[in-house]
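Here is how the chains run, residue by residue.
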Amino acid sequence: MLKQEINELLTQTGPGTPMGDLFRQYWLPALLADELPDNDAPPVRVKLLSERLIAFRDSEGRYGLIDEFCAHRGVSLWFGRNEESGLRCAYHGWKYDVTGQCIEVPSEPDERHSSLCKKIKLKSYPLVKIGDVLWAYMGDPEKTPDLPEWEFATVPPEQTYTSKRWQECNWLQALEGGIDSSHVSWLHSGGLRDDPLFKGAQGNKYNLADRRPFFEVVEADGGLFIGARRNAEEGHYYWRITPWVMPNFTLIPPRGDYPIHGHFWVPIDDENCWTYSFDYHTVRPLTEAELQAMRDGHGVHNEYVPGTFRPLQNKDNDYMMDREAQKRGETYSGIKGIAMQDASLQESMGPIVDRTKEKLVSTDTGIIMARQKLWKAVEALRDEGVRPPGVDAEHHKVRSAAVVIPKDQAFIDASREALTVRPGVRHASV
Amino acid sequence: MAATAAEARFRIDYPDQTTRASRIIALDQQAADVVRRLSGQDWRGGRFLVFEDVLPVNGSGHDQVDATLRTADGSRTLLSKELEDADVAVAIATEHVRPEAAAVIGDACAARMIMSAGLILAGSEQPDEAVSALRPNAMVLLILQDENDIPPILTALRV
Ligand code: FES
Ligand SMILES: [Fe+2]
């Protein structure tokens, strides 16, 4: 249960909101690098934290993320012409560079032209490519943090794959699914048996043999580690450890030699978010079969309505519910695929779930603690200007792990190395 | 169909038929101080207790051991009695916990199928012993750096 005010505080991320200010401390995924594949590629509309922006890549390959609307009379620059090192409005030809600076007002006489230009600048944010993602920083330029160092974005390109999908609910609801380890035994039980990106791992047998894990939640510099343990061989537990780095990054514990999966949950506005889903291997290239499975929408990925980032299974077609598959025991919920199993249920709660009506139980403690940490970070930032956890790039260097350790050992001690990025060292996974 | 925004804001309102019976039990002296501070606040029926001693009793099964506890007003009570109608037990411990205290509470909850959680306050030292004492018996263990996190957690659990 959460008080109404706190539910509103944590879910509203527009300009000037306390949670919005918190999000504006971080480099956030703004779009996939593939969306701007070439210099002078068509501009892309980007809505982030309730702000409507336009992303483009100019003739020199510089990336820009600027106000979507022309300073002259408010036309959308999505209709603009991306040419000769700038984006030109289609209405009267005003032209902007990647910083939002107006560089041409062709309708004005030459003498007036340059002085007018100088005074016109659209709001803009830095946009940089790291890995397969273009990252934006929407906060105070004076406080720009170091660039992100997430392992999925910094391993060689052949070791990583990222997709994104539009999710029609508030970011927090989606994030909470990412740290809710207790749903895996139920909702995703089918996937452990037959998904090409999970099946056959040694660890799966512990999962399927013991559906009621016990949990340990430990605070980390950047957020939390949530450990779920199940019985393994005599005297040992099988631990699946999920890191959450504030505010919106989670990793899924790996299985066998499969890649590590993870997510970023980025607010579009208060009722929609982008779910970025990635897979990376710590030491080897992804295989062609793995890449194909990802492109086909297996694992944490999904299929799309062609030409969009909207999942093919969506709320307008009831996620292609298959009651027969459910009866046959192939899927627990009747929905195909891990990603859409999660999204369907999270969207079903409504755009912003009413958390005053929840009945949380002890296995929800990870979620409770995450909310508490977000709330504390928001207050510390608002009242004392404290830089929140997860901004420092050192906090990005975490891994998830799946390990078997003696029963009397704390996972956080036994797995300290396993939970830290060690370049060139394989991730800990059974 | 997913709920609309308006529907998500409006849920049928009904009173909680049964208030949840929560028992918050401090397992050591430092934890007792925390529990004493907590017990002064406004709760939804949760009872705040302090572990005192293990009490061997005759019999078999989960009746074999019991424990004496102190209530917030200082009177003595029995663990077995407190758990009779409990829905959830939250143990609070620090690095100074006696392992047998954790074991007795954990066993008693497990035998009665009562949901149990352990909150461990990390002090100057890593509370390793407390964690391994509580681990076998608590469905959830939370290791906390800040005592101020406890009230919101208990509120979320409807204590
Ligand atoms: S509205 Fe853009 S140039 Fe006039
Ligand atoms: Fe899930």
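Residues numbered from 1 in each chain as written. Chains lettered and ligands numbered in written order. Predicted model: local features only at pLDDT ≥ 70, side-chain atom pairs only at ≥ 80, totals over all residues. Heavy atoms only, no water.

For the overall build of chain B, give the residues involved together with the corresponding values.
Looking only at helices and strands, one finds six helices and seven strands in chain B. Start at the N end of chain B and walk to the C end: the helices and strands fall as α-β-α-β-β-β-α-β-α-β-α-β-α. With the C-alpha coordinates of chain B rotated into their principal frame, the extents come out at 55 × 40 × 30 Å. With 159 residues in all, chain B has 50% of them scored as buried. Taking contacts inside chain B between residues at least 6 apart in sequence as the whole, the part at least 24 apart equals 63%. Accessible area for chain B stands at about 7,900 Å²; split by element, carbon and sulfur atoms hold 51% of it. Charge centroids of chain B, computed over 15 positive and 24 negative side chains, lie 5 Å from each other. (Helix = DSSP H or I, 4+ residues; strand = E, 2+ residues; numbered from the N terminus. Buried < 20%, exposed > 50% of the residue type's maximum accessible area, 1.4 Å probe, protein only. Contact = heavy atoms within 4.5 Å. Areas by Shrake-Rupley, 256 points an atom, 1.4 Å probe, with all protein chains shown as cover. Lys, Arg positive; Asp, Glu negative; His and termini not counted. Charge placed at Lys NZ, Arg CZ, Asp CG, Glu CD.)

Mind laying out the packing of aromatic side chains, listing which residues take part and the relevant values?
Residues and elements named next belong to chain A. Taken as a whole and judged by the stated rule, the model has 18 aromatic pairs over all chains. Consider the rings of Phe 152 and Phe 278, whose centres lie 3.7 Å apart with planes at 5°: the pair is stacked. Linking Phe 152 in helix α4 (residues 151-154) with Phe 278 in strand β18 (residues 272-280), this pair joins segments that are 126 residues apart in sequence. Each member of the pair, Phe 152 as well as Phe 278, carries the same accessibility label: buried. (Phe/Tyr/Trp six-rings, centres within 6.5 Å; stacked < 30°, edge-to-face > 60°.)

For the coordination of the iron ion (ligand 2), give the residues involved together with the corresponding values.
Tetrahedral coordination by four donors sets the ideal angle at the metal to 109.5 degrees; octahedral coordination by six donors sets it to 90 or 180 degrees. Residues and elements named next belong to chain A. Every protein donor of the iron ion (ligand 2) is listed here as His 183 (NE2), His 188 (NE2), Asp 342 (OD) and Asp 342 (OD), and their distances to the metal cover 2.0 to 2.3 Å. Coordination at the iron ion (ligand 2) comes from four donor atoms whose angles at the metal span 59 to 149°, giving a geometry best classed as irregular. We note that the donor set of the iron ion (ligand 2) lies within a single chain, spaced as H-x4-H-x153-D. Here the two residues His 183 and His 188 agree in accessibility, since each one is buried. (Donors = N, O, S within 2.8 Å, 3.2 Å for Na, K, Ca; no water. Tetrahedral: all angles 85-135°; square planar, octahedral: opposite > 155°, others 65-115°.)

Tell me about the layout of surface pockets, residues and numbers included.
Of the voids in this model, the largest pocket is the one considered here, and its volume is about 680 Å³. Forming the walls of the largest pocket are 33 residues, and the residues nearest its centre are Glu 219, Ala 220, Asp 221, Gly 222 and Phe 225 of chain A. Elements that contribute at least two residues to the lining of the largest pocket include exactly β13 (214-219), β14 (223-231), β15 (236-245), α12 (365-384) and α13 (411-414) of chain A together with α5 (128-134) of chain B. Class assignment of the residues belonging to the lining of the largest pocket gives a composition of 17 nonpolar, six polar and 10 charged. Computed from the structure, the second largest pocket encloses a volume of approximately 540 Å³. What lines the second largest pocket is a set of 22 residues, and nearest its centre among them are Asp 180, His 183, Gln 346, Met 349 and Ile 367 of chain A. Residue assignment for the lining of the second largest pocket shows that the elements contributing at least two residues are α5 (171-178), α6 (184-187), α11 (338-348) and α12 of chain A. In terms of residues, the lining of the second largest pocket owes the most to one element, α11 of chain A, which gives four residues. (1 Å grid on protein atoms, 1.4 Å probe; cavity = no way out; pocket = protein on both sides within 12 Å on 5 of 7 lines; lining within 4 Å. Points joined across faces, edges and corners; volume = space filled by probe spheres on them. Nonpolar A, V, L, I, M, F, W, Y, C, P; charged D, E, K, R; others polar.)

Lay out helix α8 (residues 202-209) of chain A with the relevant residues and their values.
Taken residue by residue, α8 of chain A has Gly 203, Asn 204, Tyr 206 and Asn 207 of chain A as its buried positions. For α8 of chain A, the angular spread of the buried residues around the axis is 160°, confining them to a single face. (Arc of directions from axis to C-beta.)

Kindly report on the packing of helix α1 (residues 4-11) of chain A against α12 of chain A, identifying the contributing residues and their values.
All names here are of chain A. Close contact between α1 and α12 brings their axes to 11 Å; oriented N to C, the two are set at 75°. Considering their axes alone, α1 and α12 lie roughly perpendicular with respect to each other. Listed contacts from α12 to Ile 6, Leu 9 and Leu 10 of α1 are Arg 371, Leu 374, Trp 375, Val 378 and Arg 382. Class assignment of the residues belonging to the contact of α1 with α12 gives a composition of six nonpolar, no polar and two charged. (Axes fitted to C-alpha atoms, helices over the stretch in contact; angles between N-to-C directions. Parallel < 35°, antiparallel > 145°, perpendicular 65-115°, else oblique.)

Tell me about the nonpolar core, and please be specific about residues and values.
It is characteristic of soluble globular proteins that their nonpolar side chains tend to be buried jointly. Counting residues in hydrophobic clusters, the biggest one holds 137 residues, and the most contacted among them are Leu 31 and Phe 152 of chain A together with Leu 27 and Leu 154 of chain B. No other element matches α12 of chain A, which puts eight residues into this core. Those residues within four positions of Leu 31 of chain A in sequence are excluded, and the remaining contacts are Leu 36, Val 44, Val 46, Ala 55, Leu 127, Val 133, Leu 134, Lys 164 and Tyr 276 of chain A. By size, the runner-up hydrophobic cluster in this structure holds 15 residues, among which are Phe 56, Cys 70, Tyr 96 and Leu 122 of chain A. (Core = buried A, V, L, I, M, F, W, Y, C linked by side-chain atoms within 4.5 Å.)

Give me the pairing of β18 of chain A: which residues, what numbers.
All names here are of chain A. Judged by how many residues are buried, β18 sits mostly within the fold: nine of nine residues are covered. Neither face of β18 is left uncovered, since the one carrying Asn 272, Trp 274, Tyr 276, Phe 278 and Tyr 280 and the one carrying Cys 273, Thr 275, Ser 277 and Asp 279 both have all their residues buried. Here strand β12 (residues 160-167) runs beside β18; their pairing, made up of eight bridges, is antiparallel. By the bridge assignment, Gln 167 is partnered in β18 with Cys 273. In terms of strand pairing, strand β17 (residues 260-269) meets β18 through nine bridges, oriented antiparallel. Paired with His 261 across the strands is Asp 279, a residue of β18. (Pairing = 2+ DSSP bridges.)

Describe helix α4 (residues 99-112) of chain B, listing the residues and the values that go with them.
Relative to the 20 Å expected for 14 residues at 1.5 Å per residue, α4 of chain B spans 20 Å between its end C-alpha atoms, a close match to the ideal helical length. Positioned one or two residues after α4 of chain B, Met 113 of chain B has a phi angle of 55°, which is positive. (Expected span 1.5 Å × (residues − 1).)

Can you lay out the domain arrangement of chain A for me, pointing to particular residues and giving the numbers?
All names here are of chain A. We note that the domain assignment places domain 1 (28-137) and domain 2 (151-418) within chain A. Distance between the C-alpha centres of domain 1 and domain 2: 34 Å. Facing 15 residues of domain 1, the contacting portion of domain 2 comprises 18 residues. Regarding the contact of domain 1 and domain 2, the summed buried area is about 1,300 Å², with carbon and sulfur atoms giving 64% of it. Area buried by domain 1 at its contact with domain 2 is led by Pro 29, Leu 32 and Lys 47, which between them contribute 35% of it. Where domain 1 packs against domain 2, one counts two salt bridges. The closest approach of N and O atoms between Lys 47 and Asp 269, which form a salt bridge, is 2.8 Å. The tally of links between domain 1 and domain 2 comes to eight residue pairs in polar contact (both at pLDDT 80 or more). Put simply, the parts of the chain that give the side of domain 1 that touches domain 2 at least two residues each are β1 (27-32), β2 (44-48) and β11 (133-137). Among the elements that make up the side of domain 1 that touches domain 2, the one with the highest residue count is β1 (five residues). Its residues assigned to classes, the side of domain 1 that touches domain 2 comprises 10 nonpolar, two polar and three charged. (Domains from an automatic or database assignment. Buried area = accessible area lost by both parts, 1.4 Å probe. Salt bridge = Lys/Arg side-chain N within 4 Å of Asp/Glu carboxyl O. Polar contact = N/O pair within 3.5 Å; in protein donor to acceptor, adjacent residues only side chain to side chain.)

Any chance you could break down unusual backbone geometry for me, citing the residues and the numbers?
Residues and elements named next belong to chain A. Residue Pro 247 follows Met 246 across a cis peptide bond; omega there is -5°. Note that Pro 247 resides in the loop between β15 and β16 (249-252). A positive phi angle, near 50°, is found at Asp 318, a position not held by glycine. By secondary structure assignment, the location of Asp 318 is in the loop between α9 (288-295) and α10 (323-328). At Tyr 319, a position not held by glycine, the phi torsion is positive, near 55°.

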